[in-house]
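Reading the structure
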Amino acid sequence: MRNPLSNKVVDIQPSGIRKFFDIVSEMKDAISLGVGEPDFDTPWHIREEGIYSLEKGRTFYTSNAGLKELKIEICNYINRKCRVKYDFNKEVMVTVGGSEAIDIGLRAMLDPGDEVLIPQPCYVSYVPCVKLADGVPVIIELKEENNFKLTKQELLDAITDKTKVLILPFPNNPTGAIMEYEDLVDIAEVVREHDLYVMSDEIYSELTYGRQHMSITSLPGMKERTILINGFSKSYAMTGWRLGYACAPEIIMEQMIKIHQFAIMCAPTTSQYAAVEALRNGDNDVLLMKEAYDARRRFLIDELRRIGFDCFEPYGAFYVFPSIKKFGMTSEEFAETLLREEKVAVVPGTAFGECGEGFLRISYAYSIENLKVALERIENFVNNHKLNK
Amino acid sequence: MRQKILKAIDKNSKLTSKELASMLGMTEEIVEAELRAMEKESIICGYPTLINWDKADNERVTALIEVKVTPQRGEGFDKIAERIYKFEEVESVYLMSGGFDLTVIIDGKSMREVANFVSSKLAPMDSVLSTATHFVLKKYKEHGIELDNKKVDERMLVTP
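None of the values given here were measured: they were computed from a predicted structure. (Residues numbered from 1 in each chain as written. Chains lettered and ligands numbered in written order. Predicted model: local features only at pLDDT ≥ 70, side-chain atom pairs only at ≥ 80, totals over all residues.)

With that out of the way, let us pick up the overall build of chain A. Check the secondary structure of chain A and you find 13 helices and 12 strands. Computed over the C-alpha atoms, the radius of gyration of chain A is 21 Å, within 12% of the 21 Å expected from 2.2 N^0.38 for a compact globule of 389 residues. With respect to the principal axes defined by its C-alpha atoms, chain A has extents near 60 × 60 × 55 Å. Split into buried and exposed, the 389 residues of chain A put 51% on the buried side. Intrachain contacts of chain A at a sequence separation of at least 6 include 76% that bridge at least 24 residues. (Helix = DSSP H or I, 4+ residues; strand = E, 2+ residues; numbered from the N terminus. Rg over C-alpha atoms; globule rule 2.2 N^0.38 Å. Buried ≥ 20, exposed ≤ 12 C-beta atoms within 10 Å, placed from the backbone. Contact = placed C-beta atoms within 7 Å.)

Next up on the list: the domain arrangement of chain B. When the parts of a complex come together, some accessible area is lost, and that lost area is often taken as the interface size. Its domain assignment divides chain B into domain 1 (2–40) and domain 2 (61–137). Each of domain 1 of chain B and domain 2 of chain B has a C-alpha centre, and the two are 35 Å apart. (Domains from an automatic or database assignment.)

Before going further, it helps to examine the interface of chain B and chain A. Across the boundary between the two partners, chain B contributes 12 residues, which contact 21 residues of chain A. A total of four residues in the side of chain B that touches chain A trace back to one element, the largest contributor, which is helix H2 (residues 17–24) of chain B. Class assignment for the residues of the side of chain B that touches chain A results in six nonpolar, three polar and three charged. (Nonpolar A, V, L, I, M, F, W, Y, C, P; charged D, E, K, R; others polar.)

Next up on the list: the sheet that holds strand S9 (residues 319–320) of chain A. Residue and element names in this part refer to chain A. If you walk across this open sheet you meet the three strands as S9-S12-S11, and the pairing is antiparallel. One side of each edge strand has no neighbouring strand; the edge strands of this open sheet are S9 and strand S11 (347–348). The sheet contact formed by S11 and strand S12 (residues 360–363) spans two bridges and is antiparallel. Among the inter-strand pairings, Val347 is bridged to a residue of S12, identified as Arg361. (Pairing = 2+ DSSP bridges.)

Strand pairs in the sheet, formed through backbone hydrogen bonds, run parallel or antiparallel to each other. Residue and element names in this part refer to chain B. Overall, antiparallel pairing links the four strands, which are arranged S2-S3-S1-S4 in an open sheet. The sheet terminates laterally at strand S2 (90–95) and strand S4 (128–135), the two strands that pair on one side only. In this sheet, adjacent strand axes meet at a mean angle of 20° when their direction is disregarded. Bridging between S2 and strand S3 (residues 102–108) involves five bridges; their strand directions are antiparallel. (Axes fitted to C-alpha atoms, helices over the stretch in contact; angles between N-to-C directions.)

Before going further, it helps to spend a moment on helix H11 (residues 283–307) of chain A. Taking 1.5 Å of rise per residue, 25 residues should cover 36 Å, and H11 of chain A covers 36 Å from first to last C-alpha, within 8% of that figure. Where H11 of chain A ends, the next residue or the one after it, Gly308 of chain A, has phi of about 125°, a positive value. (Expected span 1.5 Å × (residues − 1).)

The next thing to look at is the environment of Ala115 of chain B. With respect to the element layout, Ala115 of chain B can be found in helix H5 (residues 111–122). Each C-alpha atom of the pair Ala115 of chain B and Trp53 of chain B lies 20 Å from the other, and the pair is 62 residues apart in sequence.

This paragraph deals with unusual backbone geometry. All names here are of chain A. Residues Gln120 and Pro121 are joined by a peptide bond in cis, for which omega reads 5°. Inspection of the secondary structure puts Pro121 in the loop between strand S3 (115–120) and helix H6 (126–132). With an omega dihedral of -10°, the bond running from Phe170 to Pro171 counts as a cis peptide bond. Locating Pro171 in the fold gives a position in the loop between strand S5 (163–168) and helix H8 (181–193). With a phi close to 85°, Met265 is a non-glycine residue in the positive phi region. Mapped onto the secondary structure, Met265 falls in the loop between helix H9 (250–263) and helix H10 (269–281). Overall, Met265 belongs to the exposed group, with 11 C-beta atoms counted inside 10 Å. Positioned with a positive phi, Ala317 is a non-glycine residue whose angle comes to about 60°.

Take a look at the structure:
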């Protein structure tokens, strides 16, 4: 029989998280700080709107790009938050989570051999999506001493004459780093000079603490070079609804919608109706969740530092990314031993790129009570191994 | 600052000042000073525990009584409210707008005890014009907390 598989697909490495997930799943009564989604339920008024849309029998396809009301609300929202005006008719589409937007955005832009710059540590799907779109992923290793921000020099060093797209994943999963105005101005300048496009994945945009989120699309000359990706998963605790969106110049958007039309048809209708409610009446929910995350963030950082971790202060998302370099173990060794001995699951930094070696991703999408129990165990672990010298 | 502290302990009074300080980005001294000051000013009036007595095998009856009263000259409703809330079986008393004047919530050991209270203590008061007693059959949610709905974390243990 012929080999049924595509070499391109077979060559793609499975996610490092997957491997760790398998180990964790075997452990009974493990406490996890390894989750990448909110612990809150979707606010009731949003769920209720979804239920209502089902009761009304709104169970049909929507137009490919999404419900008109939702696209209008998305444009209003972006204008409210970033002072950028998008045309709901031509420059916005609703996708199946931010993930789909990443995939089709890359497929719409890349030809074989085009290079895509990916700052790591980062979310696990950029590299595979670039490969599936026949692009060439080029990794930029971000440094802790720069607070895991992308610097102008790092960007310049990575650019070749094949570079086409820069992925900008901030606020960042797993580091919690954010890019502020001064940082983005430098990046935007390089992007314009070298005629690049930006895919800005801003799924955590609502979750910044004490600092304002800034979108690169709001800088001069950048809207026409940017695919802005966002969604409802993190800000409104709607991960299971699978709903995201992309805003892009019409020329790119047309092609993205074409792929979406053939591969997906449209995003789930129930979720789209719920999302309209989220954007119209959900600002306060976002604020309350953000306050809760912020309290946990401070608590977690203080405790980790007290226990003996070097931990840079993240201002976004819901992760801390402490260093374990001084403990003399690799990230995987540390995470696996911690899991086996104390039954606490954290994710080794290497799941997010090789340069994540020496770090752990610890999520604070958990209640303070949960965090306290887990931290006690982590402290035990550090003491037992006499690591806190 | 006070608002932040109050919001944090509203649903969880078990947090220590050290934990609060860490969560709110304040020093422990400031948190403690503010807590003490707010206790003194009766902004914080106590640290009770929310108990679902139904589950604690403890027979209890809660009744909500609508009371119409005649306000007294010079004292309005406060005097009569005080005469009512001083009884130890009274859990809460609120002055209401609308069809009646006071909501009185009673926690009693039995329906008989509540009925006794209403007929021998509350209804005969001079200023009380009428009462309507409603017994609580089941408590679902109190102080923003769902009583019988322990949330299980159904998320996958590790996700990207």
